[in-house]
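Listed here are the chains, written in short residue letters.
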Amino acid sequence: MNIKLVDPELALLLESFPHLDIWTDLIKTRQRASEMRAKIIQQMPKILGVESTDYSIPNIDGPEVLVRVYRPKGQEDPLPALLWIHGGGYCLGSMEGEDNVVRQITKAVGSVIVSVDYRLAPEHPFPAALNDCRGALQWLVGNTNWLAVDPARIAIGGISAGAGLAAGLALYIRDKTEIQLNFQFLLCPMIDDRCVTASSHMITDKRVWNRDSNLIAWKHYLNRVKTPEKETYKDVSEYAAASRATDLSGLPPAYIAVGSVDAFVDENRDYAQRLEASGVSTQFDVFEGGFHGFEFIAPSAKISQEARKSHFGALRNALFN
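Let me begin by describing the structure that accompanies this report.

Details of the overall build of the protein chain
Scanning the protein chain for helices and strands turns up 11 helices and 8 strands. The globule rule puts the C-alpha radius of gyration for 321 residues at 20 Å, and the 18 Å found for the protein chain is close to it. Considered along the principal axes of its C-alpha atoms, the protein chain spans approximately 50 × 45 × 40 Å. Evaluated residue by residue, the protein chain yields a buried proportion of 58% over its 321 residues. For the protein chain, the proportion of contacts with a sequence separation of at least 24, taken over those separated by at least 6, is 74%. In the structure as shown, the protein chain presents an accessible area of about 14200 Å², 51% of it carried by carbon and sulfur atoms. The positive charge centre, built from 33 side chains, and the negative charge centre, built from 39, are 2 Å apart in the protein chain.

Re helix 3 (residues 99–109)
Among the 11 residues of helix 3, 9 are classified as buried, and the element is accordingly described as predominantly covered. The set of residues buried in helix 3 consists of D99, N100, V101, V102, R103, Q104, I105, T106 and V109. Looking one or two residues past helix 3, G110 carries a phi angle of roughly 85°, positive in sign.

A few points about the sheet that holds strand 6 (residues 183–187)
Here 8 strands make up an open sheet; going across it, the order is 1-2-4-3-5-6-7-8 and the pairing mixed. At either end of the open sheet lies a strand with only one pairing partner, and these are strand 1 (50–57) and strand 8 (282–287). Direction aside, neighbouring strands of the sheet carry axes that sit 20° apart on average. With 4 bridges joining them, strand 6 and strand 7 (residues 254–259) adopt parallel strand pairing. Within strand 7, the position partnered with F185 by the bridge is Y255.

A short note on the pairing of strand 5 (residues 149–159)
Side-chain direction in a regular strand flips from residue to residue, so the side chains alternate between the two faces of the sheet. For strand 5, the tally of buried residues reaches 8 of 11 residues, placing the bulk of the element in the interior. Judged from the 6 bridges that link them, strand 3 (residues 79–85) and strand 5 form a sheet pairing that is parallel. Note that in strand 5 the partner of L82 across the bridge is A155. As paired elements, strand 5 and strand 6 share 5 bridges and run parallel to each other. Each residue of the ladder has a partner; that of I156, found in strand 6, is Q184. Following the backbone out of strand 5, through helix 6 (residues 161–176) and into the adjacent parallel strand 6, one traces a crossover that is right-handed.

Focus: the nonpolar core
L83, W84, L137, L165, Y221 and Y271 are the most contacted members of the largest nonpolar core, which totals 108 residues. Considering every element that reaches this core, the biggest residue donor is helix 6, with 10 residues. Filtering out sequence-adjacent residues up to four positions away, L137 remains in contact with L83, I154, I156, L169, I173, I179 and L181.

Details of the packing of helix 4 (residues 128–142) against helix 6
With their axes 10 Å apart at the nearest point, helix 4 and helix 6 run at an angle of 65° to one another. Taken together, the axis directions place helix 4 and helix 6 in an arrangement best described as roughly perpendicular. For the crossing formed where helix 4 meets helix 6, the hand is right-handed. Packed against helix 4, whose contacting residues are A129, L130, C133, R134 and L137, the element helix 6 presents L165, G168, L169, Y172 and I173 at the interface. Each residue belonging to the contact of helix 4 with helix 6 can be placed in one class, and the counts come to 8 nonpolar, 1 polar and 1 charged.

Some words on the packing of helix 3 against helix 11 (residues 302–320)
The description of two helices packed together rests on the angle between their axes and the distance between the axes. Interhelical geometry of helix 3 versus helix 11 gives an angle of 55° and a closest axis separation of 9 Å. With respect to their mutual orientation, helix 3 and helix 11 come out oblique. As helix 3 runs across helix 11, the sense of the crossing is right-handed. In this structure, helix 3 uses Q104, I105, A108 and V109 to contact helix 11, whose residues at the interface are R308, F312, L315, R316, L319 and F320. Looking at side-chain class alone, the contact of helix 3 with helix 11 contains 7 nonpolar, 1 polar and 2 charged residues.

Let's talk about the pattern of salt bridges
Within the structure shown, the criterion is met by 15 salt bridges. A salt bridge links R68 to E96; the shortest N-O distance between them is 2.8 Å. Residue R68 is found in strand 2 (residues 65–72), and its partner E96 is found in the loop between strand 3 and helix 3; the two are separated by 28 residues along the sequence. We note a salt bridge from R174 to D175, for which the minimum N-O separation is 2.8 Å. Owing to a relative accessible area of 36%, D175 belongs among the partly exposed residues under this scheme. One network of salt bridges, in which partners are shared, links D54, R68, E96, D99 and R103.

Examining helix 11
Helix length check: helix 11 (19 residues) gives 27 Å between terminal C-alpha atoms against 27 Å at 1.5 Å per residue, within 8%. Of all the positions in helix 11, only I303, S304, A307, R308, S310, H311, F312, G313, A314, L315, A318 and L319 are classed as buried.

Thresholds, definitions, all that
- Residues numbered from 1 in each chain as written.
- Predicted model: local features only at pLDDT ≥ 70, side-chain atom pairs only at ≥ 80, totals over all residues.
- Heavy atoms only, no water.
- Helix = DSSP H or I, 4+ residues; strand = E, 2+ residues; numbered from the N terminus.
- Rg over C-alpha atoms; globule rule 2.2 N^0.38 Å.
- Buried < 20%, exposed > 50% of the residue type's maximum accessible area, 1.4 Å probe, protein only.
- Contact = heavy atoms within 4.5 Å.
- Areas by Shrake-Rupley, 256 points an atom, 1.4 Å probe, with all protein chains shown as cover.
- Lys, Arg positive; Asp, Glu negative; His and termini not counted.
- Charge placed at Lys NZ, Arg CZ, Asp CG, Glu CD.
- Pairing = 2+ DSSP bridges.
- Axes fitted to C-alpha atoms, helices over the stretch in contact; angles between N-to-C directions.
- Right-handed = clockwise from strand over helix to strand, strands pointing away.
- Core = buried A, V, L, I, M, F, W, Y, C linked by side-chain atoms within 4.5 Å.
- Parallel < 35°, antiparallel > 145°, perpendicular 65-115°, else oblique.
- Left-handed = near helix turned anticlockwise from the far one by under 90°.
- Nonpolar A, V, L, I, M, F, W, Y, C, P; charged D, E, K, R; others polar.
- Salt bridge = Lys/Arg side-chain N within 4 Å of Asp/Glu carboxyl O.
- Expected span 1.5 Å × (residues − 1).

Right, here's the structure in full:
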């Protein structure tokens, strides 16, 4: 990655990032990430005016799934809702790890948000995570009355692999259910297992989500670690990798946002263009100089503030207008 392409504020922060080896011991990496996230959250100001409640809900094909329901404090009338799916390359991350992010969104947008703690690969490859998220969405749709949610205004979204799951789930919902989604909120979505675009080759820096990590994560998620490379890209479900879908018509309107120095920028641009060509209203924003997940990794940078303003505004407009 050419550091000159990175926003100056972000580049300065990037100098302090360690070179990450997340795959040698994935369990320790998860523990380490959780500890680091806890320290970061302790240093951040608390987000007031947001309340949350945890629920264990029935699952489609496994143990109960934990979800956390966020709501603007004091708002009792029915509100729009977003099913939020955390990131982490399908192998990392947690509902708890993105608690602060979801509180930010709840505060800024004013909607209900249901965050789902789905199962991770490689222990639980596709379709486990998708089924968990599908179950959470069905639970949300089936309980709008007592959750005080407007059933006509339900969106799905997430960041990175979470956004990839949201994109795959949107396809599944269109094809297999009667649920009507209002919006797709996709932040730097991880949607193409083939990893053949120019930008997917561009990012090799071990301080950020890079090509090697992306290839390994996809192999874990698709349960193909032992599959020969030449056979890796056959018969992948579009519900696992949304870029595989040949028909994007009939999907809900979408907001897709990504940094220009992100391995996913090309696959995200292609997906946005194909959505538009299929008649799906799509807003596609590229933030010049942003690396993967920059807006929440470096929240005080000017580019991060601008990105979050754009994200939250697009979601608010979709849900309330």
